[in-house]
Each structure stands twice: as C-alpha cells, then as structure tokens.
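Residue-level structure breakdown
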Amino acid sequence: MSKVSKGVLGMANYDTVIGLEIHVALLTDSKFLCSCSTAFGAPPNSQCCPVCLGLPGSLPTINEKAVECATKAGLALNCQINLFSKFDRKNYFYPDLPKAYQITQDAYPLCSRGFLDYYVDDQLVRTEITRIHMEEEAGKLIHSGSSIVSSDYSLVDYNRAGIALIEIVTAPDIHHPGQARLFVEQLRLLLSYIGVSDTKMEEGSLRVDANISLKPKDSDLLGTKVEIKNLNSFRALEKALEYEVSRQGEILDQGGTIRQESRTWDDRAGRTMSMRSKGDAPDYRLFPEPDLPPLCLEPAWVESIRASIPELPLERLGRLEEQFGLSRYEATFFVHYPDFCQIFFDLAEYDLSPKAIVNFLMGDYARLARERGHLDARRIAGLLTIVKEGLIGANQEGVVLDALFSSEKSAREIVKEQGLEALRDSTELQGVVDGVLTANPDLVARFRSGESKLLGYFVGQVMRATRGKADPEVVNKLLEEALS
Ligand SMILES: [Zn+2]
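Basis of the calculations
Residues numbered from 1 in each chain as written. Predicted model: local features only at pLDDT ≥ 70, side-chain atom pairs only at ≥ 80, totals over all residues. Heavy atoms only, no water. Domains from an automatic or database assignment. Pairing = 2+ DSSP bridges. Helix = DSSP H or I, 4+ residues; strand = E, 2+ residues; numbered from the N terminus. Donors = N, O, S within 2.8 Å, 3.2 Å for Na, K, Ca; no water. Tetrahedral: all angles 85-135°; square planar, octahedral: opposite > 155°, others 65-115°. Buried < 20%, exposed > 50% of the residue type's maximum accessible area, 1.4 Å probe, protein only. Phe/Tyr/Trp six-rings, centres within 6.5 Å; stacked < 30°, edge-to-face > 60°. Lys NZ or Arg CZ within 6 Å of the ring centre and 35° of its normal. Core = buried A, V, L, I, M, F, W, Y, C linked by side-chain atoms within 4.5 Å. Contact = heavy atoms within 4.5 Å. Patch = residues over 30% accessible without salt bridge, like charges linked within 9 Å, V, L, I, M, F, W, Y side chains within 5 Å. Areas by Shrake-Rupley, 256 points an atom, 1.4 Å probe, with all protein chains shown as cover. Salt bridge = Lys/Arg side-chain N within 4 Å of Asp/Glu carboxyl O.

Some thoughts on the domain arrangement of the protein chain
Entries for the protein chain in the domain assignment read domain 1 (14–306), domain 2 (313–418) and domain 3 (426–483). Of note, the centres of domain 2 and domain 3, computed from C-alpha atoms alone, are 33 Å apart.

The structure is reproduced here in structure tokens:
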C-alpha cells in the first residue's frame, strides 16, 4: 500500500541495481543448537548455557523445529529444498560472538533458486531468491553512551546468541528503492502468513542488508557495489537506498569511482556512512563445522511441510478479487489484515453482498475493532441483515454497532429494546411533517417562491423530531406532496 518512489534527483543516466540479504529470526521456543529459551525481554544473560556461550567441551544439537521453519520458508518462496546441506564455521572476533565463530551454511545451503512475485504499482514483478541458508544469531551489545565511539564501556547480553536465523539472499534484480521496500513488505507478510517468524523489525527479528550499485543506462557491465548494513525499518531501507542512488550518481557524474565498501545508515543525519572498505573486509576462514553432521532430509518430510503451507498473500489477493469482486485496494486491505479477512470470509457465508460486507468492515467497524477487539461474525451478520431488510435506517446502524460492542445482545434485540425501527408509516410521519411546516410558515413561503434548497432543512427537522428514525425516502415524498 506504500507509495513507490522511482527516481531520485536527476539520475537519469544510470540504472540502479539492488540486491538484498534479509536476516530473519525463526519462531522457535528454543535456540538453534541448544535448548535455551528464545523469549524476548528476559533479564540479560538469563537464557544462556555452555553451548550458546561457546564453553570448551560443549556440543551443539540441531533444533528440528528450526529446520522445519527454514524449509517452510524455502517452499513458500518457491525454492528448491536441498535434501543434503552442510554447516560451516565463519570465524571472526567480536564481543557479541562468544565462540569467535558463527555456525552458518556456506557452500551447501538448505534452499536455492526460488522467487517471490509481488505488485509494484499495478505491475506483477518477480525477484529471484538466490539462496536461503540457516545460521545462528549473535548476542547484543549495550553501550553506556549513545554510540560505541562515545561510550566508556559496553555490556553484552547473550540471550539472543544462538537463536536460529535464516538469511534470504536475492539476485540483484531490484531496480529502485521503492521496489526494495515493496519486496521486503511482501516477504514479511508471507513469512507471517506461514508463521515461521514474528517478523518484528523493531525487535530485530527481521533485518536487511542492501547491496546497491549504479551502471550506465543500457550497459551490461555492473558498477561497483556498496553494502548498507542492518537496515531495521522499511523507512530506513528506502531512505538509505535513495541516499546511495544520489551519492553514487554524483560521484559518477563528476568522473569519480565508487569505493567498494560497507556503509551504515545514520537515521538522524539522514545519510549513509563508511564502515569499512573492501581492503579491511575480514577473512572469515570458512571451514566445515566438525561438531555437526550434514543435514539430510527425507523427501516425505519435506512434502509434509509443503502440505502445511496455508494460502499465501498473493493467492489470497487473487481470490478476493476474482471470487468476491473486491477492488485491488479493498483486497490489499484484507490481505494485510488477516484477522479482518477471516471475518470477511465468515460473513461471506451469510446471504449478504460482498460489497456490503466490505463497506461495513472497512468503515467505522475497523476503528472500533482495533480499539475493542473483533465482534463475533454471527452478530455482525445479524446487523447487516436487518440493514438489508430495511428494519433500521442507515443512520441507526452506528447506534446498533456501538451497542453490539458494549453488550452481548443481538442486533435485533438491541433494535427492539431501544425502539430503533425505521419509521416509514405514512400516517404517523404525515403528522410530523405537518408539524414542521406549520412551525415554519416563513420558510415554507420562501420555498414556494423558489428557494428549493430549503427542502433539506425540512427533511432535517423531521429527522430530528423522529430521532433519526424516519425513512428519508418517505419523508421526502411526504414533504414534496405537502409543499407542492
Ligand atoms: Zn544455550
């Protein structure tokens, strides 16, 4: 639903080439290679053991649930699942990495060659997924100051160390910052549909590294790429990429060359900053993990995971449009809010038009449900049915809706108790109409001499006298007869 920004400034001479690496924390109760809890928000270092602290002599064991989540993600992203995959050690020193190496998958990843289809404006586009591999999360540094540079000391919390991650790597086939954002939005939605991650970017469950380069228009030669690390919001992703498009474009316009390097995004300053150049890049000395056997999957097990995948966002969008005739905008709303979508499907079982259901759910109901939780579909259906039957006027719908939220009664009971039935008995209404006209002789005269817009005023007075219950159609008819 977000707006797409395509070009930045006058970068008309270059094509933008973007590839993404997305780290996703998997939704498992225990960590990847030990049985420590993964619950968020526990006191620092209360969820660690010899394995995730890398104490000598401890041995890792693979969490089957993590492999299941990773496989499910691979299948939902149309990947080939490799029945044989292996683990490696990626060696580097940093205080948040107690073993001084990270267990990951290098040459033999779990999933390869997939894709994700998504809409950019009204165009269905595809981004290739090169690979998805499994790895473990690092710990978390907490600096005493506002940044590592300005801090006297830093503390480290290993609760996160060893949580199961997948890294999803795309091909460099994303063409502008807005598209990168839409891709990650769609990916995040898909991962939440299949339940493999809570995908909370603000808690670090989903983080993006972006590679970006510019190349002269229509050239086959790729430019030098820059990597922007750890983008943890959609906004940061799009802004950082936009900034890089301008920065690299300006350098190239002036005949300069782009330095291959890693950069970070400074949200407050609104710019990317150099972290390290290629020359400073660590040599990870990857080698096979000796403490874990290769991961060998049974085809039948993979098929059982495939069978557990629910309807995915793009399929659901198509079904809402084709089967129920929803507009793209409406269908997108329901795809993004699965709880509302479930109520839509439940209501569609009743004898109600999809249009009436959509207008209701996306109207005042959406606001009330967000504040107070959803109503039972059966009670909503009761309200929509009496509106359809004409038992109450449109202007009483909100009154009944409020009452539905604050009581257990049915719509019909509420209408009866509060006497909200629409007034359409001509004899009864005639008296009210006559009363209004008798009380306003001057206005009646002005109406008769041509001020036809005064009709609205008379209608309003009748509605007021009947506390909004009069049927506007009958009132209009009676007034026109009386005034002619
Ligand atoms: Zn542990």
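Now that the structure has been shown, the text picks up again.
Comments concerning the sheet that holds strand S10 (residues 164–170)
Strands sit in the order S2-S6-S7-S10-S1-S11-S12-S13-S14 across an open sheet of 9 strands; the sheet is mixed. On the outer flanks of this sheet lie strand S2 (80–81) and strand S14 (271–277), each paired with one strand and no other. As paired strands, strand S1 (residues 14–25) and S10 are joined by 5 bridges and run antiparallel to one another. Within S10, the residue paired with Ala25 across the bridge is Leu165.

Quick word on the coordination of the zinc ion
Protein-derived ligands of the zinc ion are Cys34 (SG), Cys36 (SG), Cys49 (SG) and Cys52 (SG), with the metal-ligand distances lying across 2.3 Å. Around the zinc ion sit 4 donor atoms, and with donor-metal-donor angles ranging over 100 to 115 degrees the site reads as tetrahedral. Along the chain, the residues donating to the zinc ion are arranged with the sequence spacing C-x1-C-x12-C-x2-C. Here Cys34 and Cys36 have matching classes, each one buried.

With respect to the sheet that holds strand S15 (residues 287–288)
Spatial ordering of the open sheet is given by S5-S4-S15, a layout of 3 strands whose pairing is antiparallel. Each having just a single partner strand, strand S5 (101–104) and S15 make up the two edges of the open sheet.

Quick notes on the packing of aromatic side chains
One pass over the full model with this rule turns up 18 aromatic pairs. Between Phe84 and Tyr108, the ring centres sit 5.9 Å apart and the planes meet at 90 degrees, which makes this aromatic pair edge-to-face. Taken together, the positions of Phe84 in strand S3 (residues 84–85) and Tyr108 in the loop between S5 and strand S6 (111–120) put the pair 24 residues apart, joining distant regions of the chain. Ring plane angle 70 degrees and centroid distance 5.8 Å describe the contact between Tyr92 and Tyr284, whose orientation is recorded as edge-to-face. Placement of Tyr92 in the loop between strand S4 (88–91) and S5 and of Tyr284 in the loop between S14 and S15 is noted, with a sequence separation of 192 residues between them. Through a chain of ring-to-ring contacts, three or more aromatic side chains come together here, namely Phe324, Phe333, Phe334, Tyr337, Phe340, Phe344, Phe345, Phe360, Tyr365 and Phe405. Residue placement shows Lys90 over the ring face of Tyr284; its charged tip is 4.5 Å from the ring centre. Just above the ring of Phe115 sits the side chain of Arg126; from NZ or CZ to the centre is 3.6 Å.

So, the nonpolar core
In summary, soluble globular proteins display a tendency toward joint burial of nonpolar side chains. Counting 62 residues, the largest nonpolar core has Leu20, Ile168, Phe183 and Leu191 as its most contacted members. Among the elements that take part in this core, helix H2 (residues 177–194) stands out by supplying 8 residues, more than any other. The residues contacting Leu20, other than those within four sequence positions of it, are Ile168, Val169, Thr170, Ile174, Ala180, Phe183, Val184, Val208, Asp209, Ala210 and Leu237. Listed in part, the 42 residues of the second largest apolar core include Leu189, Leu375, Ile392 and Leu420.

Digging into a nonpolar patch on the surface
On the surface, a nonpolar cluster with roughly 320 Å² of combined accessible area is contributed by Tyr94, Ile148 and Val149. Mapped onto the elements of the fold, Tyr94 is located in the loop between S4 and S5.

Description of the pattern of salt bridges
As enumerated under the stated definition, the model contains 31 salt bridges in all. In this structure, the salt-bridge partner of Glu289 is Arg89, at a minimum N-O distance of 2.7 Å. Placement of the pair is Glu289 in the loop between S15 and strand S16 (295–296) and Arg89 in strand S4, with a sequence separation of 200 residues. Here Glu289 matches Arg89 in class, with each residue buried. When the shortest N-O distance is used, the salt bridge between Glu242 and Lys239 registers 3.9 Å. Placement of the pair is Glu242 and Lys239 together in helix H3 (residues 234–253), with a separation of 3 residues, close to one helical turn. Each member of the salt-bridge network shares a partner with another, and the members are Glu244, Arg247, Arg259, Glu261 and Arg263.

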